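Listed below, chain by chain, are the residues.
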Amino acid sequence: MAEKPQTSANFSSVPVILLLGLFSLPLLVMYAYLFIDTISDTEVGSLIPSEFTLRHWSFLWETKTGKPNIWLVTLNTFIFASCITGVILTVSSMAGYVLSRLNVPARGFFLAGVMVLHAFPSVTLIIAIFIVLQWIGLYNSLIGVILVKAAIDLPLGIWLMKGFYDTVPWEIEMAGTVDGASRFTVWRRLVLPQIKPAMMALGLFSFLTGWSEFILPQVLAPGAKVQVLSVYLASLIIDDNNFDFGTFKAVGVFYVVPVLILYVFFQKHLMNIYGGGTKG
Amino acid sequence: MRILLDKFSKSFGSTKVIEDMDLEVGSGEMLALLGPSGCGKSTTLFAVCGIHRPTAGRILFGDRDVTNLPSQERNVGVVFQSYALYPHMTVEENIGFPLMVKRVAAADIKKQVADIAALVHIEDLLGRRPAQLSGGQQQRVALARALIRRPDVLLLDEPLANLDAKLRLEMRSEIRRLQKETGITAILVTHDQVEAMSMCDRIAIMKSGEIVQIATPSQMYNDPRTSFVASFLGNPPISLLKGKAEQGAFVLGENGLRLPLAALSGIPDGTALSLGVRPEHFGTAGGVPVEGRVVFAETQGRENLYDVVLPDGSVLRSIQPVRDDVKPGDSVRWNLDSASTFVFAEDGQRL
Amino acid sequence: MIAPAAVMIFLFFLMPVVLTAIFAMTNMSTATGISGGVWQVTQGAVNRLKADMPELASGIAEPRFVIDEEGLAALEALKLKAGFTAELRTSHMGEVFPSRREAERVIKALKDRPSTREVKQISDLFNRSVLNTRFETRDELMASLKRLGFTLTPAEQETVAKATYTGWVWTTENFRIIANSPDMAQIFLNTAFYVSVTLLVFNVSYALFLAITTHYMPASTASIFRAIWLLPRITPVVIYVLMWKWLTWDSGFISMFMGQFGYPPKNYLLDSAYNAWFFVILINGFIGASMGMLVFSSAIKAIPQAHFHASEVDGASRWQQVRHIILPQLRWPILFVTCYQTLSLLASFNEILLSTRGGPGKATEVWSLAAYHTALQNYTGNLEYGLGAAMALVLVVVGIVLSLIYLRIFRYDTLISKPLIED
């Protein structure tokens, strides 16, 4: 068949589009108002915004009493997410290669272990981790929570990288070894460039999960100096007597926009990883 | 049941695949849609079975206009190239599926499946799953499924493409037998001219979304309307020589071969032409002597095939009963049966 | 090259699993601290002792008056009459009086006749009690008790030591609490309800609905809808829950919307257990549906196009096509998603913590959230690490069992083909 397979003409797509559109309405409304409410005031009892205002965004230039500076928090979040990405990419690109390609002892066992841990609900370990971090003095530090978060996401990273390495043709490596390169050089110079798109996808994914992570920093690093955006926003919502959704949403938009930008540009990469099974 | 395509057009987006096609398949007839890939034959088949709807024109089964009917209401049986057997169902469930979705009683389905299975000789495979069947058996199951609800029309999409050479021969006659026994109107889509010629009553040969010629296999072979048809049919294929008209004769190059032909009377001198010569019409028999040098020889067992280069560089192919006195490099002087040649104008039309 | 991964996974993954089990066998809490403890007769300890040794319990809390060197030195420093000190040292050294009255009678009887005010002043100096004194070792506590006149058998000593120790100790009490407490039973039922309903309705059924409806759309429309339904997973959880809170708040969208029809505004998230569950399941379900949607979509895409065409010419309606062609071929993906998401749902409590915090009351408290509340955040301020770890251990065990099953489903043995280069 020369022409591409088309959707069948036997079933109209109009009813399904209408149906799903209806179901998607609550989500669309929530996201639309997330943005609308940050730049407008709405009178009580009304759904239509009545006036334009920028006052909800004042958190950007005024530090709230008892709260850390927003830019410090943003910097913390960025450091947190970047470090996690760096650790996961480095460690899992090496481990994934070993598991995919090298004859190492207990390879099968290690693979099974990674597999189990990948499905294992790691957040249940948070109590033990909390106590361990207090013992070794990494409680309330970014380093501690970075290491924990990276370790928890590692099995998924290793598993994905192993899968990506599996798709690289063996011939490339065989040619490399025959040409006299060591396995490390083969990995570094020949194999790694092949999986660049995969590294990109995993890197993005790690950055996004790091950027969004809430419960680990909340429990392991709640201090003002090391606060990340999720904890900052949560504390804002929890302790405020005067519920000001406009401000909450402005902080939320400030927090979510980088995520949405990355998502729009790299949707395809991310779909693959999210489809492959993640926690949540 | 007669099938009629009336000014049928189909485009995907802005790509026009078929425009204003007319085609009639007589009741009980088996017609081949033959053409190279991309010619629109599958598109036509998909429109007939209703998976796609025509962009314009009508499709009639008998006197019933089915143009806008969904597949479910057309009563057609289709054998797909990949057979499309449902992997999670047994053979029996596969064959019974068209009846099951019509909510026929289970006992009834069982009986009808048994009957049709006997017809296609797979009675003892009913409990198996498609993955446990050979290619030929899968083919028979697909046929049984297409035939079980006595469709008005049977459509076959490259049904033999996935079989090995021996099975292909067997299924060729098997499908033809079933079609004749059931008296069903059938359309066979294929790119294989041997399949089309051996199985069908008539062939519609297609090129770029148009039907170039419709005829019985022998008519089409002996009386092709264009050089495309002539070169598509026949194995080994026809040789086409480029030359021009000169005083009612076909002339090849400077001082080359000169072939007076009746078809060329009234054609102005110097008109560019091509001459089609089938391999069996160039050899030891025939009237016009042609000299040349053998550049290629191939034995096919019963026959030998030779490529002969003429002094001007064009090549004539010859098929002859086995002989071992000619080797590549030899100069030969063989005869050409000028009455069996075809002359085509530059645009490919037969003169 | 695998070493960094192995070390990190060991340190922050395997060790915590073991430690969770270890902590589960202790009574660690804010009160006991996580390092060692001291021996201290607190009011709590006294209360604990009351059941076994009522006499001792009432005595230990009472003041005792002991004539000792420490008291005499203090008395000398007061510069009262020198005779007081001398006489007390010679005639009464080491005597123990169980009450102030008895001690003061002896002091009053001193030859130098102290005034009433002085009697009170002197007796204060000899007031010795173990109440609230910290002892670094068990022996110090015992010696001190002995001096105060409590003679205890070794068995009694053991009881007292246990009751007064402020550090954590090994115990199986946590598991008894989990097994017997009606609160725990309620939480268990909540969890079962939450996991099964969310899983069935959203993570599987709704995900199937999304995958199938998008399958019947043109590719570009389908990808828009998939992108929309992936948003809840992409959006940071804090913002995502914030949006739901806004939707359900008493001046939020639903209230305002219902207000148009004359309903009074209310907090739809927390006004009743029924509504709280409704939204908790919705909040989690919207996130959970996306994984199933993607897995099922790619499984449907893997079904040859010809199967759909064939079933259509065979006469199947859209529903029959879904029922007989699509669903039977999604059995493995459905099992995969079910298994995977059961684990996620059991363990994740982010969304509930941020939305209802388990409320109203404890209506939406699930197991993992309860473990978190017990060990890491509660209103009384005494964080019970041990009990929390025991609750987490239950999840860890369930997690290990389920992920082993998951491993079998995934047919992991087919994934570990031998490397082709041997070295």
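Residues numbered from 1 in each chain as written. Chains lettered and ligands numbered in written order. Predicted model: local features only at pLDDT ≥ 70, side-chain atom pairs only at ≥ 80, totals over all residues. Heavy atoms only, no water.

S.K.: What exactly am I supposed to notice about the overall build of chain C here?
M.R.: Broken down by element type, chain C carries 21 helices and 5 strands. Relative to its length of 423 residues, chain C is extended, with a C-alpha radius of gyration of 35 Å against a globular reference of 22 Å. For chain C, the C-alpha atoms occupy an extent of roughly 120 × 75 × 35 Å along the three principal directions. Every one of the 423 residues in chain C was classed for burial, and the buried ones make up 55%. Nonlocal contacts in chain C, meaning residues at least 24 apart in sequence, comprise 72% of its contacts between residues at least 6 apart. When the accessible surface of chain C is totalled, it reaches about 18,900 Å², and 62% of it is carbon and sulfur. The positive charge centre, built from 34 side chains, and the negative charge centre, built from 31, are 4 Å apart in chain C. (Helix = DSSP H or I, 4+ residues; strand = E, 2+ residues; numbered from the N terminus. Rg over C-alpha atoms; globule rule 2.2 N^0.38 Å. Buried < 20%, exposed > 50% of the residue type's maximum accessible area, 1.4 Å probe, protein only. Contact = heavy atoms within 4.5 Å. Areas by Shrake-Rupley, 256 points an atom, 1.4 Å probe, with all protein chains shown as cover. Lys, Arg positive; Asp, Glu negative; His and termini not counted. Charge placed at Lys NZ, Arg CZ, Asp CG, Glu CD.)

S.K.: What is the right way to look at a nonpolar patch on the surface in this model?
M.R.: A surface patch of nonpolar side chains, amounting to about 450 Å² of accessible area, comprises Leu19, Leu22, Phe23, Leu25 and Leu28 of chain A. Its place among the elements puts Leu25 of chain A in helix H1 (residues 14-36). (Patch = residues over 30% accessible without salt bridge, like charges linked within 9 Å, V, L, I, M, F, W, Y side chains within 5 Å. Salt bridge = Lys/Arg side-chain N within 4 Å of Asp/Glu carboxyl O.)

S.K.: Please clarify how the interface of chain C and chain B should be interpreted in this entry.
M.R.: One widely used convention gives an interface's size as the accessible area the parts lose upon coming together. Facing 17 residues of chain C, the contacting portion of chain B comprises 22 residues. Approximately 1,700 Å² of surface area, both sides summed, lies buried where chain C meets chain B, with 64% of it carried by carbon and sulfur atoms. Where chain C meets chain B, there are 1 salt bridge. With a closest N to O distance of 3.3 Å, Asp314 of chain C and Arg145 of chain B form a salt bridge. If you look at where chain C meets chain B, you find 8 residue pairs in polar contact (both at pLDDT 80 or more). The set of elements that each furnish at least two residues to the side of chain C that touches chain B consists of helix H16 (305-313) and helix H17 (318-326) of chain C. With 7 residues, H16 of chain C is the single largest residue contributor to the side of chain C that touches chain B. Residues of the side of chain C that touches chain B, tallied by class, amount to 6 nonpolar, 8 polar and 3 charged. (Buried area = accessible area lost by both parts, 1.4 Å probe. Polar contact = N/O pair within 3.5 Å; in protein donor to acceptor, adjacent residues only side chain to side chain. Nonpolar A, V, L, I, M, F, W, Y, C, P; charged D, E, K, R; others polar.)

S.K.: Quick question: what am I supposed to make of helix H2 (residues 91-100) of chain B here?
M.R.: Since the α-helix advances by 3.6 residues per turn, residues separated by three or four positions end up pointing in the same direction. Within H2 of chain B, 7 of the 10 residues are buried, which leaves it mostly tucked inside the rest of the structure. Those residues of H2 of chain B not exposed but buried are Val91, Asn94, Ile95, Gly96, Phe97, Pro98 and Leu99 of chain B. The elements touched by buried residues of H2 of chain B are helix H3 (106-119) and helix H4 (135-147) of chain B together with H16 and H17 of chain C.

S.K.: Would you mind showing me how to read the packing of aromatic side chains here?
M.R.: How two aromatic rings sit relative to each other is set out by the distance from centre to centre and by the angle between their planes. Scanning the entire structure with this criterion turns up 36 aromatic pairs over all chains. For the pair Phe184 of chain A and Trp187 of chain A, a centre-to-centre distance of 5.5 Å together with 55° between the ring planes defines the contact as tilted. In this pair, Phe184 of chain A and Trp187 of chain A are both assigned in helix H7 (residues 183-194), 3 residues apart and thus about one turn of the helix distant. Under the relative-accessibility criterion, Phe184 of chain A is labelled partly exposed at 45%. When its relative accessible area of 6% is taken as the criterion, Trp187 of chain A is described as buried. Each member of the aromatic cluster is reached from another via a ring pair, and the members are Phe23 of chain A together with Phe202, Tyr206, Phe209, Trp229, Tyr240, Trp244, Phe278, Phe279 and Phe286 of chain C. One Lys or Arg, Arg101 of chain A, reaches over the ring of Trp170 of chain A and ends 4.2 Å from the middle of that ring. When the ring centre of Tyr221 of chain B is taken as reference, the NZ or CZ atom of Arg278 of chain B above it lies at 3.9 Å. (Phe/Tyr/Trp six-rings, centres within 6.5 Å; stacked < 30°, edge-to-face > 60°. Lys NZ or Arg CZ within 6 Å of the ring centre and 35° of its normal.)

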